[in-house]
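# Analysis of the macromolecular model
Spelled out from the first residue to the last, the chains are:
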Amino acid sequence: MQNINLKNKKKSSLFANFVNNVIHKPSPEVQKNFMDVSLKIAGTIKKICEDEKLIINIPYQGKNFWNKGKNYESCFVDGGVFSSVESSSAPFAIRSKSYIVKPTNPLTDREKFEETIAYMGDLYDSKNNIYDLSEDPYEDNQLLNKKKDAARIIFEIACLVKHVFDKQKFDFCFLHGPLQTPVMPFSGPEFPQFKKQVVKNILPFLNFDKKEEKINERHFINIYFQSIQFLLNSKFPIYGIVERTNSSVYLKNLLFRSFKKGKVAENDYNKMLSTMIRYKINDGNLFSLILSDCQALRPLEVDKQIPTRGLGGFSEWETQITSFPKIHVGYLKTNSHQAPIRVESLKKSKDLIKDYEYILASSKLLPNYGFPAGLDVVDKAAKIPAWLGRAAKSYYSKYYLDLAIESKNSKNISSALKMLQGGRVWRNRPKAGKVKK
Amino acid sequence: MRKIINLNTNLKNSIGGNSIRKISDPWASIGTILGQTSIDDYSFHLKKFKAKKGDIVAAEAKQPTGDGRVVEVIVWGRIMEIISSNEFLPNEAAKELTEGNISIQDTILPLTKNDAICTVKNLGYTTNDPGQKLSLMPLNYPVYPGGAVKYPASKDLESLLNTDMKGKNPIFIGNLVARRDVDVQVSADNMVSRHVLVIGMTGSGKSVWVRRAVRELMVKQYPILIIDPHGDNLGIVQKATKLFPNHKIKLFYPKISASENNKEVIYTLIERLGNKLTEPQYDFLNWVLTKTDYEPGTSLIQYISILIQKSNAAAENKRNKSTKSSDGPGNTGASTMGVVSRSLRKVYSKLKEMEQSNISNRNKYPHLKFEELPDPYSQPEKIIQKSQVSILYLKGYESLPSSTIVSILLESLFNHRSAGNRTIPPFFTVLEEAQNFIPSKSEGQDGYPSVSTIKKIATEGRKFGTGLMLVSQRPYRLDETVCAQMNSYIILRLKNERDQRFVKNTMENWDNEEAKQLPNFANGQGIVSGQITNLPLTVQIKFDDDLTNDDIGDENFISDVQNWKESSENKKKRELSKDFDEVFDVDKRKPH
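Residues numbered from 1 in each chain as written. Chains lettered and ligands numbered in written order. Predicted model: local features only at pLDDT ≥ 70, side-chain atom pairs only at ≥ 80, totals over all residues. Heavy atoms only, no water.

## Thoughts on the overall build of chain A
Scanning chain A from terminus to terminus reveals 15 helices and nine strands. A buried classification covers 46% of the 437 residues belonging to chain A. Restricting to contacts in chain A with at least 6 residues of sequence separation, those with at least 24 account for 77%. A total of about 24,200 Å² of accessible surface is found on chain A, and carbon and sulfur atoms cover 53% of it. (Helix = DSSP H or I, 4+ residues; strand = E, 2+ residues; numbered from the N terminus. Buried < 20%, exposed > 50% of the residue type's maximum accessible area, 1.4 Å probe, protein only. Contact = heavy atoms within 4.5 Å. Areas by Shrake-Rupley, 256 points an atom, 1.4 Å probe, with all protein chains shown as cover.)

## Some remarks on the packing of helix α8 (residues 249-260) of chain A against helix α10 (residues 283-290) of chain A
Residues and elements named next belong to chain A. The interhelical angle for the contact between α8 and α10, taken along N-to-C directions, is 70°, at an axis separation of 8 Å. By the angle between their axes, α8 is roughly perpendicular relative to α10. Contacts from Val-249, Tyr-250 and Leu-251 in α8 reach Asp-283, Leu-286 and Phe-287 in α10. Along the lines of polarity and charge, the residues of the contact of α8 with α10 split into five nonpolar, no polar and one charged. (Axes fitted to C-alpha atoms, helices over the stretch in contact; angles between N-to-C directions. Parallel < 35°, antiparallel > 145°, perpendicular 65-115°, else oblique. Nonpolar A, V, L, I, M, F, W, Y, C, P; charged D, E, K, R; others polar.)

## A few points about the side chain of A:Lys333
All names here are of chain A. The residue Lys-333 is located in the loop between β8 (327-332) and β9 (341-345) in this model. One buried charged residue, Lys-333, forms no salt bridge at all, with the nearest opposite charge on Asp-293 at 6.9 Å. Filtering out sequence-adjacent residues up to four positions away, Lys-333 remains in contact with Phe-287, Ser-288, Leu-291, Ser-292, Asp-293, Cys-294, Gln-295, Gln-338, Pro-340 and Leu-360. (Lys, Arg positive; Asp, Glu negative; His and termini not counted. Salt bridge = Lys/Arg side-chain N within 4 Å of Asp/Glu carboxyl O.)

## Observations concerning the packing of aromatic side chains
Aromatic ring pairs are reported here in terms of the distance separating the ring centres and the angle at which the planes meet. Applying the stated rule across the entire model yields 33 aromatic pairs over all chains. Here A:Phe225 and A:Phe324 contribute two aromatic rings whose centre-to-centre distance is 5.1 Å and whose plane-to-plane angle is 70°, an arrangement assigned as edge-to-face. Remark: A:Phe324 occurs in the loop between α11 (318-323) and β8 and A:Phe225 occurs in helix α7 (residues 220-231); sequence separation between them is 99 residues. Both residues of the pair, A:Phe225 and A:Phe324, count as buried. Counting every residue linked through ring pairs, the aromatic cluster contains A:Phe65, A:Trp66, A:Tyr72, A:Phe76, A:Tyr99, A:Phe113, A:Phe172, A:Phe174, A:Tyr239, A:Tyr358 and B:Phe88. (Phe/Tyr/Trp six-rings, centres within 6.5 Å; stacked < 30°, edge-to-face > 60°.)

## Here's the deal with the nonpolar core
A:Ile45 and A:Phe220 are the most contacted members of the largest nonpolar core, which totals 76 residues. If you tally residues by element for this core, the top one is helix α5 (residues 137-165) of chain A, at 12 residues. Formed by 70 residues, the second largest nonpolar core is a distinct cluster that contains B:Tyr303, B:Ile308, B:Ile384 and B:Ile491. (Core = buried A, V, L, I, M, F, W, Y, C linked by side-chain atoms within 4.5 Å.)

## Describing the sheet that holds strand β11 (residues 248-253) of chain B
Residue and element names in this part refer to chain B. Spatially, the 12 strands line up as an open sheet ordered β8-β7-β18-β17-β16-β9-β15-β14-β10-β13-β11-β12, and their pairing is mixed. Every interior strand has two partners, whereas the edge strands, β8 (183-187) and β12 (370-372), have only one. Mean inter-strand twist for the sheet, computed between neighbouring axes without regard to direction, equals 30°. Here strand β9 (residues 195-199) runs beside strand β16 (residues 488-491); their pairing, made up of four bridges, is parallel. Opposite Ile-199, over in β16, you have Ile-491 as the bridge partner. Contacts from helix α5 (residues 206-219) reach β7 (170-176), β9, β10 (224-228), β11, β13 (388-393), β14 (427-431), β15 (466-472), β16 and β18 (537-541) within the one sheet, and its direction differs from that of β15 by about 160°. (Pairing = 2+ DSSP bridges.)

## Describing the interface of chain B and chain A
Chain B puts 20 residues into the contact, and the matching count from chain A is 28 residues. Of the roughly 2,000 Å² buried between chain B and chain A on both sides combined, carbon and sulfur atoms contribute 62%. Contact with chain A buries surface across chain B, with B:Glu92, B:Asp106 and B:Ile108 losing the most and accounting together for 35% of the total. Taken together, the links from chain B to chain A amount to one salt bridge. With its nearest N and O atoms 3.9 Å apart, the salt bridge here joins A:Lys70 to B:Asp106. Applying the counting rule to chain B against chain A returns 12 residue pairs in polar contact (both at pLDDT 80 or more). Taken together, the residues of the side of chain B that touches chain A break down into 10 nonpolar, five polar and five charged. (Buried area = accessible area lost by both parts, 1.4 Å probe. Polar contact = N/O pair within 3.5 Å; in protein donor to acceptor, adjacent residues only side chain to side chain.)

Pasting the structure below:
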């Protein structure tokens, strides 16, 4: 009995230790200090914003808005990815969808769920590339993630490109995510090119057949750059809407502008940047304090592509990276309890209030989520569900086996068969059974 | 397998090759079967608005046969549930639309992404060969996921529902609720030879069904006896006389009398209607009953008045110290005899009161001709005859006397039929308010004489052509044994949970999805099931408005009150009452 109690006590202590170790409760002083700093920064930034006349009120009229809003045709774009094949350069199934809606059209023509671009199979070209040869599993994993990200980004942009290329006449077009992503992470020498067939399919304006291909022409950075340049031809406004942001691009640019205008001292500017980094102050958490419901920050023209020096000096992509067009970034608070959403556009808006009013009204349809309802719709539509992914995977595995059989190489065939069987997973662990007496 | 192909090829050739289509060929495809199916049911994704709850749908499938072949079949099923969902419409959006009074039509929210998933209960399968009769057989292999679900053409559906009806005297009862263009027939043969239970709450359409069935049987000249405690069927009398000029529509009021064989029923009634008696009192009552001969066919009221006289005389003799041995058993005292006499007087006055009430009710319909019910023992042919509808109007009578009357009547008629002496033809009895005649044991109404009679008819009636139709609004109050003998069911709207439970317990193959429909049926809508039909159907029963009578039916109390004139006696009474009150007010000696 004594032993058991001791055992329990030990367990209890283990549990208490675990709880103590797991819950890192910041002290009240730290919390208070963070709040004090945040509020002080917010106060200061708000003054700057007011001085620059950046804060604007966006009218929200609910029913009355939709009486005119129903006449607009809008397009909402998002991408979906499925990838779980080990031997593929991933992602192997990807698509981007468009939800195109004009409320006043008859029901049969009111809304379209268009699978604008879809692709299944290897996206990246193995020729002339250091291809999946990394010995470092961490780096390998990083590369895999980068490839997935690059593929998703390019497919989403390609969807916008297709709408511009097809000379669509939307009143608005929205992308679920940023309109421009920093491309520096993809500039390493190990990052492969896309397959020619992929690029031809998704970016119709890039005509490879008529000209000789340059080195790295099918690299992500190049085709992304080309695509963004092409989007500048758009006849309709295109916005990228970002739901959550850890970026502080607006704040930094705002301070820099003020510093350049001589409204902020250099010393203060540098110290403020340093404070912001130490306290992890970003656009989202700071503008939550500054903006009220239905308030927005006028967009600032910012440069998202800043090449950084790597170990071996600047990347070979430096010139192109610095050539990316600047982007207009603003914020819009769509309800009282969520951080504002980031609104990006490639060009300066012709009628900012009208555009923001539309984004606000679309977001007000989801009062708790506070994000444009059309993007929520297309987000759900674009996702590749597990069942579809699994079906695609089986199809792909079979294709892989066919290739292996064609090669008549027993090792290839064995590898393909293993792929069909599935790898080592926890589900295959042997189960312990009790012997029935 | 080869043999089948040859047969089909031969058949096709013989009837014009490929020009003869398979029955399912032209049907519209309305959905696709989802991932998991079973022998009993399956789910499918429905094309928008292409079918509705209650619809009968068909799926092409294959069934293994007993000899190892696989044959193409059509699996028929009924849509039990449709669930519609829009995964693109978050609840919070709906809230905003409501509170902002915004029409979803005006917004960017999607309207076209509603998915409808149907659950189908399998009914059975038929072969899918050209020219084959649609005869439903039990399924032995589930339909395959991914298969198409089709919407059968009305005429094909009709031929499925009404297959084999031709030899069974089909009668038209209405249309499928879900398919108004599909006529539904039931077998009159099975209706009159087996038994039918009709249940539904007030206003659910029981009378609609009764009128329909009676009308169709009248067309077939079938004798009908309607036991009508509330006069629900009086409407038939006037209209049917015009519609069926060659028919006799008889309206009877009861006369409580019994045959020699049924004397015990009379004794039971006297015992049960009177006061509760002690052992000696009971002995005396028995003595009086034994000593007073009941002349079969005479009125019970007359008989009771004789009993009263007899017991009064016996008591009188006892008081006068007369020691006649015929004045009661043993040492029965005068007071005991007096108690029995009082009890008999009570029975007498109760019966008189009920008789009077029946007369008053009859007097409300001066245009209807009521006749005294002929003695069913000696004159059954006056009640049951080809092309005759006899309605026994029982309004005013309490349930026990009603039960006695019905017991005596049905017992006699049944005996005539079972004796095989061809005195009366086969007939069909409609028993309205059946819970009054066959109360469940749990109702504490043991010993109702009609229970055993109806039980006997329900069990043996099939052999002698004495079919029953029990009509009730309170099925859970019905005797379970009798209900178990019912072969067909008409189940109309039922809201009471106990009634719904009763249906579930009584009917085979009844499931919860069907029970869910019961509270939602409209007037005249219900499930027709059992031997009168090929498969259970949800039917809108045809409303025979030409058999309803405007002046009989729901009373208009509001208009009664508006036209109410106080009687002069009542006026006087009120005036005097005021005067009396003044007297009482000044009375200082009234006790406190």
